[in-house]
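So the chains spell out like this:
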Amino acid sequence: MLKLAERMTNNFCDGVGASTAHTWITLSGTGADDVRVVIRKSIDDPGKPAGVVLSAASSVLLPVPPSKVFDFLRDERFRTQWDILSNTGVVEEVIHVAKGQNHGNSVSLLRVNGINANQSNMLILQECNTDESCSLVIYAPVDTSAMSSVLNGGDPEGVALLPSGFAIFPEVSQYHTSRVPCNAPTGLCSRGSLLTVAFQILVDHAPTSRLSLGSVATVNNLISSTVLRIKNAFVCNDT
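Residues numbered from 1 in each chain as written. Predicted model: local features only at pLDDT ≥ 70, side-chain atom pairs only at ≥ 80, totals over all residues. Heavy atoms only, no water.

**Description of the overall build of the protein chain**
As a reminder of what qualifies: Secondary structure is summarised from DSSP: a helix means a run of H or I of at least four residues, a strand means a run of E of at least two, and numbering begins at the N terminus for each. Each residue gets one of three labels from its accessible area relative to the maximum for its type: buried under 20%, exposed over 50%, partly exposed in between, using a 1.4 Å probe on protein chains only. Contacts are assigned to residue pairs with any non-hydrogen atoms lying within 4.5 Å of each other. Here the Shrake-Rupley method, with its probe set to 1.4 Å, supplies the accessible areas, and only the displayed protein chains count as covering residues.
A tally of helices and strands in the protein chain yields four helices and 10 strands. Traced from its N-terminal end to its C-terminal end, the protein chain shows the element sequence α-β-β-β-α-β-β-β-β-α-β-β-β-α. A buried classification covers 42% of the 239 residues belonging to the protein chain. Taking the intrachain contacts of the protein chain between residues at least 6 apart in sequence as the baseline, contacts between residues at least 24 apart amount to 59%. With an accessible surface of roughly 12700 Å², the protein chain has 54% of that area assigned to carbon and sulfur atoms.

Have a look at this one:
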């Protein structure tokens, strides 16, 4: 499971990272909360679903410490507040593997239990990493039978992953005030968090297909609503 999580994190960074081969396109926003997308075609890539993949990302400033944002996003008990895929079910952590001494660094297997018999259960693989410079919460839905095979010693390379997630950075300033915690050795003062939200969505199984406007609108709405849910959650928590 750790090898699968490592590949998931690498795929996430590759999928949402900038490159000379793929150009990000701004869909909407006011400058501070733009949604940007890039289109990739996956053909015979081991461990990746074949077809047209749409990656979308947006960044937002939150007046909340990075540690608080990280703890909120990684905790399965709060997941239904921001995750549209699981907001109609009950999320539970079925496997937890700690990585190192920091309790925030871990790999988890989450199960989303449907609230009625007509809903199927979903598994989510999640990896969390944090240090002073950045925190990551990366996850991907995984096929139940494929995950069962991995847990029983099967090869994780055959499990198709399309990860999404969050990168959390401290918002810093070189100007210190009495109300802003300051790191004396560097002179940088933390004011809040810069949260980047990134999704990867398979919009068509045929790599030769053209991207439809409907798919673009769907991912735009998804990422915008997720950002709004996170903002609302912290407004509620601070009152």
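On we go from here.
**Thoughts on the side chain of Thr130**
Put simply, the rule is: N or O atoms closer than or at 3.5 Å make up a polar contact, with two conditions inside protein: a donor-capable atom paired with an acceptor-capable one, and, for residues adjacent in sequence, both atoms drawn from side chains.
Along the polypeptide, Thr130 turns up in strand β6 (residues 122-130). Looking at Thr130, its side chain comes within polar contact range of the side chain of Ser135, at 2.6 Å. The residues contacting Thr130, other than those within four sequence positions of it, are Phe70, Asn102, Gly104, Asn105 and Ser135.

**Structural notes on the pairing of strand β7 (residues 135-142)**
Applied cut-off: DSSP calls a pair of strands paired once it identifies at least 2 bridges connecting them.
In terms of burial, β7 is largely enclosed, as seven of its eight residues are buried. Bridging between β6 and β7 involves eight bridges; their strand directions are antiparallel. The partner of Cys128 across the bridge, within β7, is Val137. With antiparallel pairing between neighbouring strands as the criterion, β6 and β7 make up a hairpin whose turn holds four residues.

**Quick look at the nonpolar core**
Condition: Think of a nonpolar core as a cluster: buried Ala, Val, Leu, Ile, Met, Phe, Trp, Tyr and Cys residues, connected wherever their side-chain atoms sit within 4.5 Å.
Leu62, Val69, Leu73, Phe166, Leu195 and Ile230 are the most contacted members of the largest nonpolar core, which has 30 residues in total. No other element matches helix α4 (residues 213-237), which puts six residues into this core. Those residues in contact with Leu62 that lie beyond four places of it in its chain are Val69, Gly192, Ser193, Leu195, Ile230, Lys231 and Phe234. The next biggest cluster of nonpolar side chains, apart from the first, holds 22 residues, and it includes Leu123, Cys134, Met147 and Leu161.

**Examining helix α1 (residues 2-16)**
Put simply, the test is: Helices are assigned an expected span. That span is 1.5 Å times one less than the residue count.
In a regular helix each residue adds 1.5 Å, so 15 residues correspond to 21 Å; α1 covers 21 Å between its end C-alpha atoms and thus fits that length. Regarding α1, the residues found buried are Leu4, Ala5, Arg7, Met8, Thr9, Asn11, Phe12, Gly15 and Val16.

**Notes on the environment of Pro141**
Here Pro141 is to be found in strand β7. What makes Pro141 partly exposed here is its relative accessible area of 39%. Counting along the chain gives 19 residues from Pro141 to Ala160, while the straight-line C-alpha distance between them is 9.4 Å.

**So, the confidence of the model for the protein chain**
Where the model shows low pLDDT, its predicted coordinates should not be examined in detail. To be explicit about the condition: pLDDT measures the predictor's confidence residue by residue and takes values from 0 up to 100.
Predicted confidence across the protein chain gives a mean pLDDT of 80, with 80% of residues reaching 70 or more. At the low end of the mean pLDDT range in the protein chain sits strand β9 (residues 182-183), at 44; at the high end sits helix α2 (residues 66-74), at 95. Scored below 50 in pLDDT, residues 174-188 shows 19 contacts in the model against residues more than four places distant or in partner chains.

**A closer look at the packing of aromatic side chains**
Note the threshold: The rule is short: rings of Phe, Tyr and Trp, with Trp giving its six-membered ring, pair when the centres are within 6.5 Å, and they are stacked under 30 degrees, edge-to-face over 60, tilted in between. Note on geometry: a ring has a charge over it if NZ (lysine) or CZ (arginine) is within 6 Å of the ring centre and within 35 degrees of the ring normal.
Inspection of every chain in the model, using the stated rule, returns five aromatic pairs. Pairwise contacts between aromatic rings join Phe72, Phe78 and Phe234 into one cluster. Above the ring of Phe78, the side-chain terminus of Arg77 is found at 5.6 Å from the ring centroid. Residue placement shows Arg79 over the ring face of Tyr139; its charged tip is 4.4 Å from the ring centre.

**Here we look at a nonpolar patch on the surface**
Applicable threshold: Only residues whose relative accessible area exceeds 30% and that take part in no salt bridge are eligible for patches, with like-charged residues grouped when within 9 Å of each other and nonpolar side chains (Val, Leu, Ile, Met, Phe, Trp, Tyr) grouped when within 5 Å. Salt bridge, as used here: a side-chain nitrogen of Lys or Arg that lies within 4 Å of a carboxyl oxygen of Asp or Glu.
A cluster of nonpolar side chains, Leu61, Phe169 and Leu194, forms an exposed patch at the surface whose accessible area comes to about 240 Å². Here Leu194 is to be found in strand β10 (residues 188-204).

**Examining the environment of Val37**
Of note, Val37 is situated in strand β2 (residues 35-42). Owing to a relative accessible area of 4%, Val37 belongs among the buried residues under this scheme.

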